[in-house]
Amino acid sequence: MSSAVETATEIRSFQVEIPEELIDDLRRRIATTRWPSKELVEDRSQGVQLATMQALARYWADDYDFGRVEERLNALPQFMTEIDGVEIHFIHVRSPHEDALPLIMTHGWPGSVIELLETVGPLTDPTAYGGSPEDAFHLVLPSLPGYGFSGEPTELGWESGRIARAWAELMNRLGYTRYVAQGGDVGAGVTDAMGRQAPKGLLGIHLNVLLAAVGLQHQLPAESEQERAAHDALTTFLTDGLAIVLEQSTRPQTIGYSLLDSPVGLAAWMLDHDTDSYYKIAGAFVDGEPTGNLTRDNIVDDITLYWLTGTGASAARWYWETGRAQAAAGAAGQAQPPVAVPVGFTTFPGEVFPSPSSWVEQVYPNPTYFNEVDRGGHFAAWEEPELFSAELRAAFRSLRTTNGGRHE
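Residues numbered from 1 in each chain as written. Predicted model: local features only at pLDDT ≥ 70, side-chain atom pairs only at ≥ 80, totals over all residues. Heavy atoms only, no water.

**Quick look at the packing of helix α11 (residues 263-271) against helix α13 (residues 296-309)**
Axis angle and axis distance: for two packed helices, these are the angle between their axes and the distance between the axes, and together they describe the pair.
Moving on, step 1. Contact pair α11 / α13: the axes reach a minimum separation of 10 Å and the direction vectors enclose 120°. It follows from the interaxial angle that α11 and α13 lie oblique. In this structure, α11 crosses over α13, and the sense of that crossing is right-handed. Across the interface between the two elements, Pro263, Leu266, Ala267, Met270 and Leu271 of α11 pack against Ile299, Asp302, Ile303, Tyr306 and Trp307 of α13.
Moving on, step 2. Looking at side-chain class alone, the contact of α11 with α13 contains nine nonpolar, no polar and one charged residues. (Axes fitted to C-alpha atoms, helices over the stretch in contact; angles between N-to-C directions. Helix = DSSP H or I, 4+ residues; strand = E, 2+ residues; numbered from the N terminus. Parallel < 35°, antiparallel > 145°, perpendicular 65-115°, else oblique. Left-handed = near helix turned anticlockwise from the far one by under 90°. Contact = heavy atoms within 4.5 Å. Nonpolar A, V, L, I, M, F, W, Y, C, P; charged D, E, K, R; others polar.)

**A closer look at the layout of surface pockets**
Moving on, step 1. Taken as a whole, the largest pocket holds about 1500 Å³ of empty space.
Moving on, step 2. As for the largest pocket, its lining consists of 50 residues, of which Leu211, Ala212, Thr322, Gln326 and Gln336 are closest to the centre.
Moving on, step 3. Every element with two or more residues in the lining of the largest pocket is listed here: α6 (160-173), α7 (186-197), α8 (225-240), α9 (243-250), α14 (312-331) and α15 (357-363).
Moving on, step 4. At eight residues, α14 tops the list of elements feeding residues into the lining of the largest pocket.
Moving on, step 5. What the second largest pocket holds in volume is close to 410 Å³.
Moving on, step 6. Arg44, Asp240, Gly241, Asp274 and Thr275 are, among the 18 residues lining the second largest pocket, the residues nearest its centre.
Moving on, step 7. Secondary structure elements with two or more residues in the lining of the second largest pocket: α8, α9 and α12 (275-287).
Moving on, step 8. If one sorts the elements of the lining of the second largest pocket by residue count, α8 sits on top with four residues. (1 Å grid on protein atoms, 1.4 Å probe; cavity = no way out; pocket = protein on both sides within 12 Å on 5 of 7 lines; lining within 4 Å. Points joined across faces, edges and corners; volume = space filled by probe spheres on them.)

**A closer look at the packing of aromatic side chains**
Moving on, step 1. The tally for this structure, following the rule as stated, stands at 13 aromatic pairs.
Moving on, step 2. Residues Tyr64 and Phe66 carry aromatic rings whose centres are separated by 5.2 Å and whose planes lie at 80° to one another, so their mutual orientation is edge-to-face. Side by side, Tyr64 and Phe66 carry an identical accessibility label, which is buried.
Moving on, step 3. Each member of the aromatic cluster is reached from another via a ring pair, and the members are Trp109, Trp318 and Tyr319.
Moving on, step 4. It is Arg400 that lies over the ring of Phe137; its NZ or CZ is 4.4 Å from the centre. (Phe/Tyr/Trp six-rings, centres within 6.5 Å; stacked < 30°, edge-to-face > 60°. Buried < 20%, exposed > 50% of the residue type's maximum accessible area, 1.4 Å probe, protein only. Lys NZ or Arg CZ within 6 Å of the ring centre and 35° of its normal.)

**Some words on the environment of Pro110**
Moving on, step 1. Counting through the fold element by element, Pro110 comes out in the loop between β4 (101-106) and α5 (120-124).
Moving on, step 2. A residue is classified by how much of its surface remains accessible, and Pro110, at 4% relative accessible area, is buried.
Moving on, step 3. Residues Pro110 and Gly175, spaced 65 residues apart in sequence, show a C-alpha to C-alpha distance of 30 Å.
Moving on, step 4. The contacts of Pro110, once residues within four sequence positions are left out, are Met270, His273, Asp302, Tyr306 and Phe379.

**Focus: the confidence of the model for the chain**
Atomic detail in the predicted coordinates should be set aside for any region of low pLDDT.
Moving on, step 1. Residue-level pLDDT values for the chain average 95, and 96% of them are 70 or greater.
Moving on, step 2. Residue range residues 402-408 is modelled with pLDDT below 50. Its contacts to residues more than four positions away, or to other chains, number 24 contacts. (pLDDT = per-residue confidence, 0-100.)

**Some points on the packing of helix α2 (residues 20-31) against α13**
Moving on, step 1. Interhelical geometry of α2 versus α13 gives an angle of 110° and a closest axis separation of 11 Å. The angle between α2 and α13 places the two elements in the roughly perpendicular class. Between α2 and α13 lies a crossing whose hand is right-handed. Where α2 approaches α13, its residues Leu22, Ile23, Asp25, Leu26 and Arg29 are matched on the opposing element by Thr304, Trp307 and Leu308.
Moving on, step 2. Of the residues assigned to the contact of α2 with α13, the class counts are five nonpolar, one polar and two charged.

Okay, here's the thing in structure tokens:
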């Protein structure tokens, strides 16, 4: 192997260092926010409510510890490596149990690796959380290209399939010969692509949102009360919840100017993701009543990471890339290959459209694991990290061997 190739595939340690002048600039921008008038309705139907945003801004500027993001990330082993021309940031935590099963877990939008941090303990060291050593994972948490501390792609083509291939290369580069993958939101798109590509060593996948339901709306069962309720939720999303998806799928650069210039504008855009999560987050700021792990600090950590890395526009481009890739495949009559590895699925009640088992089976015939839990929403790992971790243990239990993976 040449020295040039060795340099390109090198895995380097990484530490977050945030210049104080970036923090000073952020505080100034929050303080000089130009506010709109109050919405003319009593709910979120006109968008993120003024009271929510003013409460968030006050907390962010006056009470939030701006050193939290740096401290939390630097407490974990972080690395950088170049894959397919893009620098990829990732957290890699080895379990104290050597025979643990390697797991690569992909965040979504408007999330980041921040939304997964509270799962690190339960997943890598289950015995400290009432579990058994046989349930342990070696954990790899990459930042998507254009998100967080990963580099921004400088060429077109970074849709879910290309990211999936990059993740397979990352796991190979880490020396893992057998592993599993998990994802929600954008991460579900990437993990689904991994399951269809079925790279050597991938034992199975787990998802917590059924992205394919959007394109299959009129083909999904609607016979039971649960199925009809799921259809109602999906219809509501497609008629009243698509604003962000449509903007980022068609004009990510346009919204990017606002996301890079106004921290409050960025925060509002991120909070508008879905109704269930919005009201939970609003409750944390307006009423001081967080839901699960969706606390004020954790929410502001994620927004702060987007702001300090300047990734509002580059993160939005995934939607543009994936939307065009899907449209091109459809126009060419190219059907997706079937998922060629075992699939586990957990549906959370607060999901944008909770998916009954009959829906999941339409997309993933004969899933090896399916469960409906009693709490949690779209940001399941973030909101309910221990419940989420328990679901992953159960979903992947049948795929474990005495030697989960090799690490070099």
